[in-house]
Amino acid sequence: MTDRDRPVLVTGGAGYIGSHICKALARAGYLPVTFDNLIYGHERAVKWGPLERGDILDRARLDEAMRRHKPGAILHFAAYTYVGESVSDPGRYYRNNVCGTLTLLEAARDNAVPYFVFSSTCATYGIPDKVPLGEDTAQNPINPYGESKLFAERMLRDFGAAHGIGSIALRYFNAAGADPDNEIGESHDPETHLIPLVLDAASGRRESITVFGTDYDTPDGTCIRDYIHVADLADAHVRALQHLEKSGAPSSAAYNLGNGQGFSVREVIHAVERVTGLEVPVVLGARRAGDPARLIADSAKAREELGWEPHIHELDEIIRTAWAWHQREPRR
Ligand code: UDP
């Protein structure tokens, strides 16, 4: 058996984060098998292994894919991720993110897949009492999206205890940037994330960027977030998988993934102006419901236990990779 014969099932592997993980997995000697319904994912982003087109709610398709590829692990990214939509249409989020994850876990159990890495989020914490946030911060999500991810984490814990599935939940802060080789990047439709929207405003794809709130208790009045490069996230997933394989224990654990540094919305806009050399038209707007003033990760546990270290710290460098992708990618 060669290294390339180590198949792993990557649900949502055609999406923004999932596709970067597939590239990192292939580099580490795994064969990433993408399982994706292509509702939000892009077939052109599946470059490092086969594509199994299917929905995580479709148990028969999951069984078929697992029987065909015999994955040694599942990395689970398939999810709906629009916070606002989760408030207006919670059923869509609970069905896909909770029932979908349950269907996948039952398929993992019945097909004897021993390891599971889950794409979780700092949205499971809600509005924190203090920053930076460690993993022991109380998890009190404030929207159905965050609730759905927390439910999934709890199912992982219980499936670990009952069925011996070893799992790691990785709670990301603000995923940003694009593949440094510019092969893949962020192409959401609709796009709601700050950095690609500011790049759109810089390049004239949209008229302006609206700053959601200028009266927060922060130095410049705008919200502070911890932007973590998607390639660093990808590296953490490979390490999480290797950690599970090495320990062999059916335990469940969670790790926060961030740079540990916060940047305000205004700082992001200025960084885009520096990187692109273009002026960004800005509109100062009202707060968006449910936005905490500051979210900054304490990732000490991932550093200690997974040996993970983010390599792309500078905001300008993160934005440079996103800008390169923005210039390459055809209009959304
Ligand atoms: N934001 C903004 N204008 C936008 C989109 C986002 O001011 O058009 C702000 C948002 O309020 C938050 C930060 O940018 O403070 C990052 O938002 P994003 O939606 O990218 O990620 P989130 O932190 O919500 O996961």
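Placed above this text is the structure.
Calculation rules
Residues numbered from 1 in each chain as written. Predicted model: local features only at pLDDT ≥ 70, side-chain atom pairs only at ≥ 80, totals over all residues. Heavy atoms only, no water. Helix = DSSP H or I, 4+ residues; strand = E, 2+ residues; numbered from the N terminus. Expected span 1.5 Å × (residues − 1). Buried < 20%, exposed > 50% of the residue type's maximum accessible area, 1.4 Å probe, protein only. Contact = heavy atoms within 4.5 Å. Salt bridge = Lys/Arg side-chain N within 4 Å of Asp/Glu carboxyl O. Axes fitted to C-alpha atoms, helices over the stretch in contact; angles between N-to-C directions. Parallel < 35°, antiparallel > 145°, perpendicular 65-115°, else oblique. Left-handed = near helix turned anticlockwise from the far one by under 90°. Nonpolar A, V, L, I, M, F, W, Y, C, P; charged D, E, K, R; others polar. Patch = residues over 30% accessible without salt bridge, like charges linked within 9 Å, V, L, I, M, F, W, Y side chains within 5 Å. Areas by Shrake-Rupley, 256 points an atom, 1.4 Å probe, with all protein chains shown as cover. Lys, Arg positive; Asp, Glu negative; His and termini not counted. Charge placed at Lys NZ, Arg CZ, Asp CG, Glu CD. 1 Å grid on protein atoms, 1.4 Å probe; cavity = no way out; pocket = protein on both sides within 12 Å on 5 of 7 lines; lining within 4 Å. Points joined across faces, edges and corners; volume = space filled by probe spheres on them.

J.: Is there a simple way to explain helix α1 (residues 16-27) in this structure?
T.: In an α-helix there are 3.6 residues to a turn, and that puts residues three or four apart on one side. Taking 1.5 Å of rise per residue, the 12 residues of α1 would be expected to cover 16 Å, and the 18 Å separating its terminal C-alpha atoms lies within 8% of that figure. Of all 12 residues making up α1, 11 are buried, and the element is well covered by its neighbours. Three or more residues of α1 are buried, namely Y16, I17, G18, S19, H20, I21, C22, K23, A24, L25 and A26. Contact partners of the buried residues in α1: β1 (6-11), β2 (30-36), β4 (73-76), β6 (166-172), β7 (174-176) and α7 (230-247). Of the residues trailing α1, G29 is marked for its positive phi of about 95 degrees.

J.: Any chance you could explain the pattern of salt bridges here in plain terms?
T.: Inspection of the entire model under this criterion finds 23 salt bridges. The salt bridge involving E329 is made with R44; its shortest N-O contact spans 2.5 Å. With E329 in the segment after α10 (315-328) and R44 in the loop between β2 and β3 (51-53), this pair connects stretches of sequence that are 285 residues apart. Overall, E329 belongs to the buried group, its relative accessible area being 8%. Given the relative accessible area of 48%, R44 is considered partly exposed. Among the salt bridges present, the one from E85 reaches R92, with a minimum N-O distance of 3.3 Å.

J.: It is not clear to me how the packing of α1 against α7 should be interpreted in this structure. Could you clarify?
T.: Each pair of packed helices can be summarised by the angle the axes make with each other and by the distance between the axes. The geometry of α1 relative to α7 is characterised by a closest axis approach of 8 Å and an angle of 60 degrees between their N-to-C directions. If you check the angle between α1 and α7, you find them oblique. For α1 against α7, the interelement crossing comes out right-handed. Residues Y16, I17, H20, I21, A24 and L25 of α1 lie in contact with α7, whose contacting residues are V230, L233, A234, H237, V238 and L241. Looking at the contact of α1 with α7, its residues break down into 10 nonpolar, 2 polar and no charged.

J.: It is not clear to me how a negative patch on the surface should be interpreted in this structure. Could you clarify?
T.: On the surface, D136, D298, E304 and E305 cluster together into a negatively charged patch. In this fold, D136 is placed in the loop between β5 (115-121) and α5 (144-163).

J.: Teacher, can you tell me more about empty space enclosed by the protein here?
T.: The gaps of empty space that remain are located by a probe, the size of a water molecule, rolled over the atoms. Tallying each qualifying case throughout the model produces 1 cavity of 30 Å³ or more. Taken together, 10 residues form the lining of the largest cavity, with E186, P196, L199, A322 and W325 sitting closest to its centre. When contributions to the lining of the largest cavity are tallied by element, the ones reaching two or more residues are α6 (194-203) and α10. Per-class residue counts for the lining of the largest cavity are 6 nonpolar, 2 polar and 2 charged.

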